[in-house]
Structures are given as structure tokens and as C-alpha cells.
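A look at the structure
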Amino acid sequence: MINSLLERKIEKRPDKVRLQGRILFLTEDPELIKRQLAGADLPWDTKNPANNPKLRDDISTDEITPAHYCFYFDETLGEIPYLGLKCGSVTPIGRGEVKRGGFVCAVSGKRRGKGSSREQSPYAEMCAGIQVVIAENIERIYQQNCQNLGVLTSTDFSLIDRIRAGQEIPLSEFTAGEDEITRQVIEYGGLFPFNVARMQKKVFLPLVKTGKRPMTLAEKIFARHMTNEKGIVGVAAVNPGDSGFAQADLRFSHEYVTPMAAIFFERYVGKDAKVNDASSIIFFRDHLTFLDEVISEEKKKLGLLDLATQLKLKQQDFAAKQGIKLHGELKDRKGSEGICHSIVLESYALPGQLNIGSDSHTPHVGAIGCVAFGIGTTDVFNGWITKDVRVKVPESVRIVIRGKKHKNVTAKDFILKILSLDYVRSGKALAKVMEYAGEAIEELSVDERATMTNMAAEIGGFTGIVAPDKKAVDFLVERRGMDRNTAQSMIAGLYSDPDAQYAHVIELDAAEITPMVATPGDPGNGKYVRQLNTPVPVEIAYGGTCTAGKNEDMDMYAAVLADALKQGKRVADSVKFYIQFGSQETREYCVRQGYLDVFQKAGAHVIEPSCGACINAGPGISTRPDQVVISAQNRNFPGRSGPGQMYLASPLTVAASAVAGYIVEYEPSEKKELVGA
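This report concerns the structure included in the present document. (Residues numbered from 1 in each chain as written. Predicted model: local features only at pLDDT ≥ 70, side-chain atom pairs only at ≥ 80, totals over all residues. Heavy atoms only, no water.)

Turning to the packing of aromatic side chains, a few remarks are in order. In this structure the tally under the stated criterion is 20 aromatic pairs. Judged by centre distance (5.9 Å) and plane angle (55°), the rings of Phe283 and Trp384 are tilted. Here Phe283 is found in strand S9 (residues 281–284), whereas its partner Trp384 is found in helix H16 (residues 377–386), with 101 residues between them in sequence. Trp384 matches Phe283 in its accessibility class, with the two residues each being buried. An aromatic cluster is defined as three or more aromatic residues linked by ring pairs; in this entry it consists of Tyr123, Phe192, Phe264, Tyr268 and Phe381. The ring of Phe462 has Arg140 sitting right over it, with the charged end atom 4.3 Å from the ring centre. Taking the ring centre of Tyr495 as reference, the NZ or CZ of Lys220 above it sits at 4.0 Å. (Phe/Tyr/Trp six-rings, centres within 6.5 Å; stacked < 30°, edge-to-face > 60°. Helix = DSSP H or I, 4+ residues; strand = E, 2+ residues; numbered from the N terminus. Buried < 20%, exposed > 50% of the residue type's maximum accessible area, 1.4 Å probe, protein only. Lys NZ or Arg CZ within 6 Å of the ring centre and 35° of its normal.)

This brings us to the sheet that holds strand S14 (residues 396–402). Strand order in the open sheet made by the four strands is S16-S15-S14-S17, with parallel pairing throughout. Pairing within the sheet leaves two strands with one partner each, and these edge strands are strand S16 (463–466) and strand S17 (504–509). In this sheet, adjacent strand axes meet at a mean angle of 20° when their direction is disregarded. Where S14 meets strand S15 (residues 433–437), five bridges bridge the pair, whose relative direction is parallel. Opposite Ser396, over in S15, you have Val433 as the bridge partner. This element, helix H11 (residues 217–225), spans S14, S15 and S16 of the sheet and lies at about 105° to S16. (Pairing = 2+ DSSP bridges. Axes fitted to C-alpha atoms, helices over the stretch in contact; angles between N-to-C directions. Contact = heavy atoms within 4.5 Å.)

Moving on, we get to the packing of helix H15 (residues 340–348) against helix H22 (residues 470–480). Closest axis-to-axis distance for the H15/H22 pair is 9 Å, and the angle between their directions is 95°. If you check the angle between H15 and H22, you find them roughly perpendicular. Contacts from Val344, Leu345, Glu346, Ser347 and Tyr348 of H15 reach H22 at Phe475, Arg479 and Arg480. Residue composition of the contact of H15 with H22, grouped by class: four nonpolar, one polar and three charged. (Parallel < 35°, antiparallel > 145°, perpendicular 65-115°, else oblique. Nonpolar A, V, L, I, M, F, W, Y, C, P; charged D, E, K, R; others polar.)

Turning our eyes to something else, we now look at the sheet that holds strand S24 (residues 645–649). Pairing in this open sheet of seven strands is mixed, and the strands run S19-S18-S24-S23-S20-S21-S22 from one edge to the other. The two strands at the open ends of the sheet, each matched to only one other strand, are strand S19 (526–528) and strand S22 (605–607). Each strand of the sheet is rotated relative to its neighbour by a mean of 25°, with strand direction disregarded. Across three bridges, strand S21 (residues 576–580) lies against S22 in parallel orientation. Across the sheet, the residue bridging to Gln580 is Ile607, located in S22. Strand contacts of helix H17 (residues 411–419): strand S18 (516–518), S19, strand S23 (628–631) and S24, with the helix running at about 55° to S18, the strand carrying the most contacts. Strand contacts of helix H25 (residues 551–566): strand S20 (540–543) and S21, with the helix running at about 145° to S21, the strand carrying the most contacts.

On to the pattern of salt bridges. Per the stated rule, a full pass over the model turns up 47 salt bridges. Of the charged contacts in the structure, one is a salt bridge between Glu180 and Arg183, with a shortest N-O distance of 2.0 Å. Of the two residues, Glu180 and Arg183 are both situated in helix H9 (residues 180–187); the distance of three residues between them amounts to about one turn of the helix. Note that Asp292 and Lys334 form a salt bridge whose closest N and O atoms lie 2.7 Å from each other. Pair noted here: Asp292 is in the loop between S9 and helix H13 (297–301) and Lys334 is in the loop between strand S10 (325–327) and H15, with a separation of 42 residues, a long-range link. (Salt bridge = Lys/Arg side-chain N within 4 Å of Asp/Glu carboxyl O.)

On to empty space enclosed by the protein, then. For the coordinates displayed, the defined rule picks out six cavities of 30 Å³ or more. Size it by volume and the largest cavity reaches roughly 220 Å³. What lines the largest cavity is a set of 22 residues, among which His254, His287, Asp359, Ile615 and Arg640 lie closest to the centre. The residue makeup of the lining of the largest cavity, split by class, is seven nonpolar, 11 polar and four charged. (1 Å grid on protein atoms, 1.4 Å probe; cavity = no way out; pocket = protein on both sides within 12 Å on 5 of 7 lines; lining within 4 Å. Points joined across faces, edges and corners; volume = space filled by probe spheres on them.)

This is the structure:
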């Protein structure tokens with residue numbers, strides 16, 4: 001494999017870029033988008049931005065490439081970009097319209113590329129002819145995926161006039177301000193050609209020369225994993241902004257990403273090439289296990305169910321060929337072994353590790369004190385070659401939650417509160433490490449901490465992390481059967497130095513936080529349940545996914561439903577309540593605890609492990625725009641889980657609302673009856 005890459009001819013892209021084509025402005029007004037698709041070029045005043053129509057903010061990857069279209073893993077994706085883009089209640093872009101429109105540049109507002117790490121999104125844009133993306137700020141994984149594919153990105157709106165005039169633009173304007181490695185990735189037109197040039201020793205790799213300094217927990221872990229000038233893993237210290245390659249302890253991917261990565265690997269490296277260290281790679285079949293139960297007849301006719309089956313088969317074949325461990329479907333019943341994040345936390349991740357995965361919720365395992373972050377398809381297949389990942393050491397934000405929380409408040413309420421803060425909503429937290437601390441965090445179990453680290457993805461953070469302590473040690477001993485002394489030794493030194501530097505510090509008082517919901521459209525739309533002006537009736541309640549399908553989440557669903565049964569109540573007739581396990585280990589835990597009987601008696605529908613409804617691929621999705629859903633999952637972007645109106649909430653609030661029939665706070669029966677909105 002190495003020899004074939006060493007002999008390959010690799011050249012940089014030209015040092016000047018001339019873009020010949022049109023600019024697509026993704027505005028809030030759907031009629032303006034339709035006019036552009038029909039052939040009209042929208043006037044744009046770069047010198048007086050206030051004169052321009054409002055651009056869409058917060059465009060998620062779900063809107064760029066809706067989940068079911070990600071079953072394609074080839075150039076067909078060029079027909080797909082922006083099919084899920086919502087402007088008010090309208091989705092103005094049809095299949096193939098962007099490609100037919102001759103657009104070379106797409107422009108939007110704040111926080112472009114939120115959400116999933118799916119590289120299908122920039123790949124779809126690229127295959128439709130988009131060569132440059134311009135936005136006020138751009139989410140980390142999406143931007144890195146663009147760079148890895150060779151799509152240019154910029155926050156400079158003055159480029160609009162120059163692109164329209166057909167002027168040559170120096171490539172340096174797209175690399176300005178980037179670290180040395182990112183600059184060269186852009187110059188070589190993508191990560192793979194850069195990595196080949198790296199193997200051929202044609203590129204300049206900056207040395208991490210930072211001397212010993214006080215470091216945050218994440219910085220300490222990065223320092224342990226960065227490669228030094230001799231190719232040896234580990235440097236004395238790192239500083240935010242240091243760039244290089246970090247050796248990964250664990251690399252994983254699921255069936256949404258593995259097939260596309262495998263095709264890239266076979267196309268660019270070789271059909272008979274072997275991955276680097278198969279023992280540290282894991283595959284998961286966890287996203288589409290229940291797709292056949294909810295996919296529409298229209299989508300079946302388009303062949304999308306057949307395509308989804310091909311994803312499964314391609315991953316199976318590549319795993320068998322490469323000798324890679326695959327956590328797959330169950331043999332005796334429908335369902336999967338578990339969601340990747342659930343299994344990685346339960347069985348693999350260790351304190352102090354650096355883990356990478358093909359999913360934006362990879363930070364889940366930061367709950368036991370490791371640095372874990374999501375990557376795209378190109379990073380995945382390059383990691384199979386090099387076993388490392390390019391890293392620009394991020395700044396850290398310290399989020400301190402002091403005091404004691406209310407009994408009906410959970411980690412989900414904490415994170416929904418954090419997501420509602422101006423600092424986060426404005427994009428200031430993008431690409432930063434979220435380090436959670438304070439008495440209220442220390443009181444949380446590892447399962448609850450995982451909710452906090454998991455949803456660093458919704459913040460747009462690089463990752464989330466909690467310093468490992470006695471609770472992390474207990475988790476490793478009780479859930480993994482690890483020797484206590486071994487587990488204790490793993491956490492030595494894994495804490496932030498007292499004088500470590502942070503980009504920002506957020507302080508919250510747990511006593512001031514009551515049960516939260518995020519109203520439909522975005523996880524950042526947080527408000528207290530008691531602030532809802534009128535009762536909000538719900539038709540569907542959903543408890544599950546990586547965020548809310550853990551052992552302690554099941555404790556919460558069971559506590560609320562057992563409480564209801566004592567009062568002679570059960571799930572309201574107007575509500576369907578779905579509870580889905582995150583893993584078989586969690587299912588077995590529920591069997592041991594007697595929860596399945598409680599769930600059944602209370603009228604909840606229990607589902608085997610899978611990502612399911614969270615990605616519009618299992619029971620619990622909405623089917624009508626007016627349908628109201630309350631869900632313990634992590635995202636409520638438009639269309640992500642069906643066309644309905646989705647509220648996000650904690651497992652306690654979801655279960656209590658399922659019983660009441662409308663959104664309520666949960667209060668144990670010995671205190672008072674369920675409290676209405």
C-alpha cells in the first residue's frame with residue numbers, strides 16, 4: 001500500500017482560482033431562492049449589507065442532505081443539495097435544481113453546517129458544482145469536510161463581487177489565517193492528496209515547540225497523542241493553535257459512512273490494500289436497523305430502501321475483508337447490538353485516550369475523561385491509512401455548574417440551558433472544547449455526564465469532556481469488570497491545572513435551573529417548561545438514542561411510569577410513547593431491574609437498540625407537519641425526525657408528558673401531582 005502511494009504523482013492546485021458560474025444566496029425568503037433557480041441572479045450589495053435580503057442562519061447538514069438521501073454514496077448526491085432547506089414552512093429547492101442552475105458558490109448566514117458530521121453534505125454540494133461556500137461562520141466538522149474534499153470556504157463576503165466579475169482570486173485568500181497543515185491541505189486540493197504528499201515528504205509539517213505550561217485536561221491529552229519531529233507520539237506540551245497529527249487510540253464508523261469511506265479507500269489506495277492496524281478500528285450497524293418500518297412508499301419506489309441495504313452489505317464485506325470488528329444486527333430478533341457511542345462508552349473508551357468516530361456525537365465518551373471527536377468520511381479513510389488525524393489544538397471553554405440541582409432536573413436540562421445562552425447561540429463556542437466542572441457536574445453519574453459531552457455537538461464544540469474521578473473509576477470497575485487499581489492508575493494526572501487558560505468561563509447555579517424544553521427548530525431554542533404560555537398537547541413521546549438510551553435514562557423512564565401506575569395512571573390515550581435502548585447491555589439492565597414489565601403495564605412501546613427516530617429511520621418519527629413530538633434525543637432540526645413539531649426535553653419530562661398528554665414538569669407523587677405547563 002505504502003509503495004503504491006509513494007510512487008503516485010501528486011501536484012498542488014493552481015495558486016489562483018477563477019470561478020466561472022453563478023452564486024446561490026440561501027435566503028430566508030423562499031421566493032428569492034426560487035427566482036435564482038429559475039435563472040435570475042440576485043442583486044447583492046457587499047458594501048452595504050443592511051440593504052440585502054436576510055440570509056438563512058443555522059443551516060444544518062440535515063437540511064443540506066436529508067438523512068434518507070445519504071443512502072447514496074456516489075456522485076448521485078449532486079442531485080440532492082439543499083433538498084431539506086426550510087425557509088419558513090417552505091422547502092424551495094427541488095432535486096437537481098442546484099446542479100442545473102450552474103452555481104459555483106453558495107452563500108448563507110451564521111453557523112453553516114450545524115449538526116451531523118456527514119460528509120455527504122459538502123460532497124453533494126461539490127458534485128452539484130459548488131466550489132466555494134461563504135458564510136459568517138462555519139461549523140468545524142463541516143468546514144473540515146469541505147477542506148478534505150477540496151471545497152473552498154470563506155467568511156469574506158467581499159469575494160462575492162470578485163466571483164461575479166470572473167476575477168482571479170489568489171488561493172492564499174482561502175488559506176489566510178489557517179494553520180500550516182490546513183493551508184497545505186487546501187493547496188493540495190484535499191486531505192488524501194496532502195497525505196500522499198506527506199508520505200512522499202513533499203509537505204512541511206510544523207513542529208510542536210510549546211514549552212511546559214499549565215494545561216487544560218484536553219490539552220494534556222492532545223500533548224500525549226501529538227507526533228513529535230522524530231515521528232514519536234507525545235510532546236511536552238501544547239498550546240491552542242498548535243497543529244499537527246495526533247495518533248488515535250480508537251477509530252470507528254457506522255453504516256452511513258463506512259461504505260463511502262471504503263469506496264474512497266479502494267479507489268485511491270487499492271482494492272487489495274490493507275488498513276493500518278485493524279484491531280483499533282470498529283464498525284457499527286446502528287443507524288438504519290428499523291428503516292423498513294417507517295420509510296414511505298414513495299421513497300421505496302425511488303429505491304432508497306434497497307440503497308440502505310447496500311450500505312449494510314458494503315460495510316459487512318469490507319469488515320470481513322479487512323478483519324475489522326463489526327457490531328452488527330441481532331441474529332435472533334430485529335435490532336442491533338447497540339448504538340456506536342453507547343457501546344464505545346460501555347466497552348472500549350478509556351480515560352486519557354484520543355478517539356475519533358464518523359459521527360458528530362463521538363464526544364459522548366468524554367464522560368470518562370478522553371478526548372473524542374467526530375470526523376467525516378475522508379478523515380475516516382485517511383485514518384485507515386495513517387492511524388492518525390490532523391488536529392489544530394482547540395481552545396477550551398470551562399462550564400462550571402455549582403450547587404445542587406432539583407430532583408426533577410437532569411443533565412439534559414443543564415445542556416439545554418447551556419445551548420440557550422447567547423455565547424453559544426452566537427457561535428462563539430464553535431470548535432472549542434467544552435470542559436464541564438463544578439459540584440453539580442461532579443454529582444452526575446457517568447451516564448448523565450455522557451449526555452453533557454454528547455451534546456457538545458449541538459453547541460458546535462470540538463468535543464466535551466469531564467475530568468475522570470471516583471465515579472469514572474467505579475464505572476470501569478462495575479461496568480467493565482476492570483481491576484480497581486488499574487482503573488485508578490488510568491486517571492492519574494487527568495485534570496486541568498489550576499492556572500490553565502480558557503477562552504471563556506461560563507458559570508451557572510444548578511438551583512436556578514428548572515426542567516427545560518427546546519422548542520421546535522433548533523436545540524438552542526431552550527426555555528423553562530413553566531414558561532410555555534399554554535399547554536402543549538403531544539401525540540408522540542420518544543425516549544432513546546445515544547443521548548437518552550443509557551442505563552440511567554431507563555431509570556428515569558421507569559421511575560416516572562412506576563409513579564404513574566401507583567396513581568392509577570398510564571401513558572395517555574392520545575400519546576404513543578416509545579422507549580428505545582441504546583445497547584443490548586442497557587436492555588439486559590432493564591430486564592434485571594424489572595423495567596420491561598413497568599414499561600409494558602404503563603403502555604409504552606419498547607424498541608431494540610438503534611438510532612431510529614432520531615435520524616428519521618425508526619418508530620417514533622412524526623408523519624404530519626402539525627404533529628407535536630416530545631423527545632429526549634439531541635436534535636430537533638427541521639425535518640430531522642419527520643415533518644412534525646419536535647420539542648426536546650429530559651427523560652423525566654418526556655415520560656411525564658407522555659402520561660399527562662401534554663408537556664409537563666415531572667414531580668414525584670409524594671410531592672404533588674404532575675405540574676401542567
